[in-house]
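Structural overview for review
Chain by chain, the residues run as shown.
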Amino acid sequence: MPSLYEQLGGEPAVAAAVDVFYRKMLTDDRVAHFFDAVDMDGQIAKQKGFLTMVLGGPSNYTGKDMRAGHKHLVARGLNDSHVDVVIEHLGATLAELGVGAAAIAQVAAIANSVRDDVLDRPARTAAAKN
Amino acid sequence: MAVVHHEGRSVELASGESVLDGLLRAGIDAPHSCRAGHCQTCLARVVRGDVPVGSQEGLKPTWRALGLFLTCRARPTGDLEMAAPDALGLEVGARIVDVARLSHDVVRLRLTTDAPFEHCGGQFATLVRSDGLARSYSVASLPGRDEFIEMHVRLVTNGAMSGWIARDACVGDRVALRGPAGECFHVPGRREQPLLLIGTGTGLAPLRAIVHDALRDGHTGRIQLVHGALDERGFYLVDELSALAREHANFEYARCMLRGEHLSTTPASPRTSVHVGALDARVRAAFPNLKGWRVFLCGHPELVVALRKWAFIAGAASKDIHADAFVTKPAPLPRTATS
Ligand SMILES: Cc1cc2nc3c(=O)[nH]c(=O)nc-3n(C[C@H](O)[C@H](O)[C@H](O)COP(=O)(O)OP(=O)(O)OC[C@H]3O[C@@H](n4cnc5c(N)ncnc54)[C@H](O)[C@@H]3O)c2cc1C
Ligand code: FES
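Side note on unusual backbone geometry
Looking along the chain, the bond that leaves G179 of chain B and enters P180 of chain B is cis, with omega of -5°. Tracing the chain through its elements places P180 of chain B in strand 11 (residues 174–181). Look at D120 of chain A: it is not a glycine, yet its phi comes out positive at around 55°. Within the element layout of this structure, D120 of chain A appears in the loop between helix 7 (115–118) and helix 8 (126–129). A positive phi is found at R190 of chain B, a non-glycine position, where the angle reads about 45°. On the secondary structure map, R190 of chain B appears in the loop between strand 11 and strand 12 (195–200). Taking the relative accessible area as the measure of exposure, R190 of chain B reaches 43% and is therefore partly exposed.

Spelled out as structure tokens, the structure:
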């Protein structure tokens, strides 16, 4: 079965989705302060990488990148509640693009699988996660 | 630690230090201005070694292929031999053909080049003086229509280049141009797309070129130009832009000054307006929804950053927002008062 990335229309569709997703984050007071306006291009590029990865597209995101890329935010207080907000907006973005609930749940599970990397804590076992 | 070899000298970089910072620390008079990757005046060429990661952002593909890089963005992990870029013939010789005052602190410079200088109006180019002093300026003229390249230079207190242009530059003086670069220019097509152009100070220069270009191209969508200044004296090209607004029903020209009263005796023209107050508050109120718009932002760096974020949140697609922050040389560190 083609990946959700392909079903949505590949790179151009994801580029458009990033705009929707990033706009939601920038206007949400719970997470907006983590985004430094000076580097909008860099943030858009990172989110595109993230969306490509969770949608099963051609991605070279690694857990190591995830840790390194968010360490400074963890130091500024990034925690589980913020990851929940990200996953919430990810779901809302995909819903706007017409993705069904089952597929959104799958994407959310993939996003959840990098939670420990993003928050820079030891990976838990799959069993312990539930 | 990485060692940089430059014109017979070797400089060992401190951990995390940029090539430019290392050269300056060693007392080498390396060309630079913004130190933040915006102006491209610190351009250099890799002779031996790897091009440092992230040091080629904003450079055109042909320049990347030649191993050109920005020293202020370069944090090499291995040894690097570098040279000035001029040996590659990247510069086009030019002659000053006109110097004129546009306002109390803005000078219009017109140049003709010895060879064709391919660019779009609104892009920026690096102006190189005969002694090597280099600064970047946006092109206000329209290639294909104007026979010269026009730049608007604001006189900065103690400014090396702007001071020279305002006081000493003469018709006939030789300079050189390098570039162009930047994304602020008109792209033909999508004629019905509304355009919003916001600039402060000489940020008007590229916007003027884009407005002329769009109108020449037969743009049918709205074209909204907003020029911001500290006070009334900061507005220039008022007659030209007011006339344009008279002639074109889809072009509107607004001025916004932070303080003072509007004293101008210029008769009110259709589709022109003057506002007193903060520029960002003004545009936020005037353009609540930018979905589908193309937005150009030029001038004051902090304002450009803030408006870029606003334009995106107001609905403009990220690929439709083009910005040039006129980042200048950082102020020197204050000397200690005891000495
Ligand atoms: C992409 C880009 C496009 C640009 N386009 C234009 C343009 O079209 N027109 C234009 O006029 N400029 C433009 N600039 C700015 C220009 O490149 C120079 O930085 C500017 O002219 C000052 O150079 P200078 O040699 O006169 O001053 P410098 O010798 O570089 O600076 C002298 C001192 O003045 C201070 N200083 C510099 N600028 C300011 C300022 N605005 N306010 C307060 N202090 C300051 C510096 O901190 C420094 O200490 C652009 C910059 C960029 C990055
Ligand atoms: S880009 Fe390096 S000094 Fe401006």
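The discussion continues.
Section: the confidence of the model for chain A
Residues and elements named next belong to chain A. In the predicted model, chain A carries a mean pLDDT of 86, and the fraction of residues at 70 or more is 95%. Mean pLDDT per element in chain A: helix 8 is the minimum at 44, and helix 5 (residues 80–96) is the maximum at 94. The low-confidence segment residues 126–130, where pLDDT is below 50, has three contacts with residues more than four positions distant or belonging to other chains.

Focus on the confidence of the model for chain B
Looking at chain B, the pLDDT average stands at 93 and 96% of residues meet or exceed 70. Reported for the predicted complex are a pTM of 0.91 and an ipTM of 0.85.

A few points about the sheet that holds strand 5 (residues 80–83) of chain B
Residues and elements named next belong to chain B. Strand order in the open sheet formed by five strands is 2-1-5-3-4, with mixed pairing between adjacent strands. The sheet is open, and its two edges are formed by strand 2 (9–12) and strand 4 (68–70), each paired on a single side. Each neighbouring strand pair of the sheet contributes to a mean axis angle of 40°, computed without reference to strand direction. Here four bridges tie strand 1 (residues 3–6) to strand 2, and the two strands are oriented antiparallel to one another. Across the sheet, V4 pairs through a bridge with V11, a residue of strand 2.

Brief notes about the interface of chain A and chain B
You'll often see interface size given as the accessible area lost when the parts meet. At the junction of the two partners, chain A supplies 10 residues and chain B supplies nine residues. Summed over both sides, the interface of chain A with chain B buries roughly 960 Å², with 66% coming from carbon and sulfur. For the interface between chain A and chain B, the tally reads one salt bridge. D41 of chain A is the partner of R308 of chain B in a salt bridge, and the nearest nitrogen-oxygen pair spans 2.7 Å. Here chain A and chain B share five residue pairs in polar contact (both at pLDDT 80 or more) between them. Breaking the side of chain A that touches chain B down by element, the ones donating at least two residues are helix 2 (10–26) and helix 3 (40–54) of chain A. When residues of the side of chain A that touches chain B are assigned to their parent elements, the largest contribution, four residues, is made by helix 2 of chain A. Here the residues of the side of chain A that touches chain B sort into six nonpolar, one polar and three charged.

Focus: the domain arrangement of chain B
Its domain assignment divides chain B into domain 1 (3–87), domain 2 (90–181) and domain 3 (195–325). One C-alpha centre belongs to domain 1 of chain B, the other to domain 3 of chain B; they are set 36 Å apart.

A closer look at the pattern of salt bridges
Residues and elements named next belong to chain B. Per the counting criterion, the structure on display carries 29 salt bridges over all chains. Among the ionic pairs, E150 bridges to R208, the shortest N-O distance being 3.8 Å. Of this pair, E150 sits in strand 10 (residues 149–154) while R208 sits in helix 4 (residues 204–216), and the two are 58 residues apart along the sequence. Note on R208: relative accessible area 7%, which makes it buried. The shortest N-O distance in the salt bridge between D213 and R216 comes to 3.1 Å. Placement of both D213 and R216 in helix 4 is noted, with a separation of three residues, approximately one turn of the helix. On the basis of relative accessible area, R216 is assigned to the partly exposed category, the value being 46%.

Structural notes on the sheet that holds strand 9 (residues 134–138) of chain B
Residues and elements named next belong to chain B. Across the sheet, six strands lie side by side as 9-8-11-6-7-10; this open sheet has antiparallel pairing. Single-partner strands in this sheet number two, and they are strand 9 and strand 10. The mean inter-strand angle of the sheet, taken between neighbouring strand axes irrespective of direction, is 40°. Relative to strand 10, strand 7 (residues 106–113) runs antiparallel, the two being bridged by six bridges. Residue pairing in the sheet places L111 in a bridge with I149 of strand 10.

Quick look at the site of ligand 1
All names here are of chain B. Near ligand 1, the surroundings consist of 27 residues, among which S136, Y137, H152, S162 and K329 are the closest. A160 is positioned such that a nitrogen or oxygen atom in its backbone is 2.9 Å from an oxygen atom of ligand 1. Within the contact set of ligand 1, an oxygen atom lies 3.3 Å away from a backbone nitrogen or oxygen of A331. Protein chains shield 84% of the accessible area of ligand 1, which is 960 Å² for the free molecule. When contributions to the shell around ligand 1 are tallied by element, the ones reaching two or more residues are strand 9, strand 10 and helix 3 (160–167). Here the shell around ligand 1 takes four residues from strand 9, the largest share from any one element. Among the residues forming the shell around ligand 1, the class breakdown is 13 nonpolar, 11 polar and three charged.

What counts as what
- Residues numbered from 1 in each chain as written.
- Chains lettered and ligands numbered in written order.
- Predicted model: local features only at pLDDT ≥ 70, side-chain atom pairs only at ≥ 80, totals over all residues.
- Heavy atoms only, no water.
- Helix = DSSP H or I, 4+ residues; strand = E, 2+ residues; numbered from the N terminus.
- Buried < 20%, exposed > 50% of the residue type's maximum accessible area, 1.4 Å probe, protein only.
- pLDDT = per-residue confidence, 0-100.
- Contact = heavy atoms within 4.5 Å.
- Pairing = 2+ DSSP bridges.
- Axes fitted to C-alpha atoms, helices over the stretch in contact; angles between N-to-C directions.
- Buried area = accessible area lost by both parts, 1.4 Å probe.
- Salt bridge = Lys/Arg side-chain N within 4 Å of Asp/Glu carboxyl O.
- Polar contact = N/O pair within 3.5 Å; in protein donor to acceptor, adjacent residues only side chain to side chain.
- Nonpolar A, V, L, I, M, F, W, Y, C, P; charged D, E, K, R; others polar.
- Domains from an automatic or database assignment.
- Near = heavy atom within 4 Å.
- Areas by Shrake-Rupley, 256 points an atom, 1.4 Å probe, with all protein chains shown as cover.

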